[in-house]
Amino acid sequence: MTVGPQQSLAIFDLDNTLVDRDRFFAEWTGAFIRERHLDAEVSLAILRDADEDGAARRTLFFERVQARLGLKGPIEDLIDEYWRDQMARYRCDQVTIAGLRLLRQLGYKLGIATNGGARQIDKIKACGLDGLVDAVCVSGVVGYAKPDSRLFAAVAERCQASLENAWVVGDRPNTDIAGAVAIGARSVWIRRGKEWAEDGFAPTLVAETAADAIRLIVAADTRDP
């Protein structure tokens, strides 16, 4: 199948979509607790709560953690240690990489739209994803955050592709899927074991992983005339 020009753009979220951020954060929390001889059950609950499922800025995260766990030392040192750990862990599984390569072979333009700061770019490079996609837009760099349609438009512009009949793949209903609705795109929700709970809008398709989402996209576009 060769995909037509109006079916050629797929925009992916990064964390917990293209890469398993939950896993990398869990690995870090385990090491953090062991190294500091903290109570595992109490500390894990505090770390997860402070993290806000990855949404909390690391400065705020460590301010919360330091206050609740009574840790000493500069927050900047904790942040630096955290990022060194995470950059060493970040990777994209081979099944997802193979799926992205397949989409490119089929004629899709590929983009990454992610909320966050410049560290998101470091993550993408650590995973080797920068060489697999046509464009990357990070909210803290371009000035727009999902679900703002301007972030998706910026990806499309950099990919030299249209948003018409585009796909958006991501795990967050209020940013990824709501963003897809805002631009009139089709969407695949990475459910992460959850049930859809939003009223008023819904994803086009639901998948467990990015690799599954890619298979669904190819199947859907193959069926379309």
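Residues numbered from 1 in each chain as written. Predicted model: local features only at pLDDT ≥ 70, side-chain atom pairs only at ≥ 80, totals over all residues. Heavy atoms only, no water.

**Student:** Please give an account of the nonpolar core that cites residues and values.
**Tutor:** Phe12, Leu18, Val19, Leu100, Tyr108, Leu110 and Leu129 are the most contacted members of the largest nonpolar core, which has 31 residues in total. Among the elements that line this core, the one with the most residues is helix 10 (residues 210-223), at six residues. Residues contacting Phe12, with those up to four places away along its chain left out, are Leu18, Leu100, Leu103, Leu110, Gly111, Ile112, Ala113, Val169 and Ile214. Counting 19 residues, the second largest nonpolar core, distinct from the first, contains Ala56, Ile79, Tyr82 and Trp83. (Core = buried A, V, L, I, M, F, W, Y, C linked by side-chain atoms within 4.5 Å. Buried < 20%, exposed > 50% of the residue type's maximum accessible area, 1.4 Å probe, protein only. Helix = DSSP H or I, 4+ residues; strand = E, 2+ residues; numbered from the N terminus. Contact = heavy atoms within 4.5 Å.)

**Student:** Would you mind going over the environment of Lys146 in detail, with residue names and values included?
**Tutor:** Structurally, the position occupied by Lys146 is in the loop between helix 7 (139-142) and helix 8 (149-159). Its relative accessible area of 7% is what places Lys146 among the buried residues. Taking the C-alpha atoms as reference points, Lys146 and Glu63, 83 residues apart in sequence, are found 25 Å from one another. Excluding anything up to four places from it in sequence, Lys146 contacts Asp13, Ala113, Thr114, Asn115, Leu151, Phe152, Thr175 and Asp176. A distance of 2.8 Å separates a polar atom in the side chain of Lys146 from the backbone oxygen of Ala113. (Polar contact = N/O pair within 3.5 Å; in protein donor to acceptor, adjacent residues only side chain to side chain.)

**Student:** Just give me the short version of the packing of aromatic side chains, but keep the residues and values in it.
**Tutor:** Scanning all chains against the criterion turns up 13 aromatic pairs. Aromatic side chains Phe25 and Phe61 sit 6.0 Å apart centroid to centroid with 65° between the ring planes, which places their arrangement in the edge-to-face category. Of the two residues, Phe25 sits in helix 1 (residues 21-35) while Phe61 sits in helix 3 (residues 58-69), which places them 36 residues apart along the sequence. For Phe25, a relative accessible area of 7% gives the class buried. Among the aromatic residues, those joined into a cluster by ring pairs are Phe25, Trp28, Phe32, Phe61, Phe62, Tyr82 and Trp83. Sitting above the plane of the Phe61 ring, Arg58 keeps its charged end 4.3 Å from the centroid. (Phe/Tyr/Trp six-rings, centres within 6.5 Å; stacked < 30°, edge-to-face > 60°. Lys NZ or Arg CZ within 6 Å of the ring centre and 35° of its normal.)

**Student:** Which residues make up the confidence of the model for the protein, and what values do they have?
**Tutor:** Should the pLDDT be low somewhere, the predicted coordinates at that spot are not to be read in detail. Counting all residues, the mean pLDDT for the protein is 94, and 96% of those residues have values of 70 or more. Every residue in residues 1-6 scores below 50 in pLDDT, and together they form twelve contacts with partners more than four places removed in sequence or on other chains. (pLDDT = per-residue confidence, 0-100.)

**Student:** An account of the pairing of strand 3 (residues 135-138) is requested, with residue identities and associated values reported.
**Tutor:** In the sheet, strand 2 (residues 109-114) pairs with strand 3 via four bridges, with the strands oriented parallel. Bridging across to strand 3, Ala113 finds its partner in Cys137. (Pairing = 2+ DSSP bridges.)

**Student:** How would you summarise the layout of surface pockets if you had to cite specific residues and measurements?
**Tutor:** Considered as a void within the structure, the largest pocket measures approximately 580 Å³ in volume. As for the largest pocket, its lining consists of 26 residues, and the residues nearest its centre are Gly54, Ala55, Asn115, Gly116 and Gln120. At the level of secondary structure, the elements contributing two or more residues to the lining of the largest pocket comprise helix 4 (75-89), helix 6 (119-127) and helix 9 (173-183). Its residues assigned to classes, the lining of the largest pocket shows five nonpolar, nine polar and twelve charged. Listed by contribution, the elements that provide at least two residues to the lining of the second largest pocket are helix 1 and helix 10. (1 Å grid on protein atoms, 1.4 Å probe; cavity = no way out; pocket = protein on both sides within 12 Å on 5 of 7 lines; lining within 4 Å. Points joined across faces, edges and corners; volume = space filled by probe spheres on them. Nonpolar A, V, L, I, M, F, W, Y, C, P; charged D, E, K, R; others polar.)

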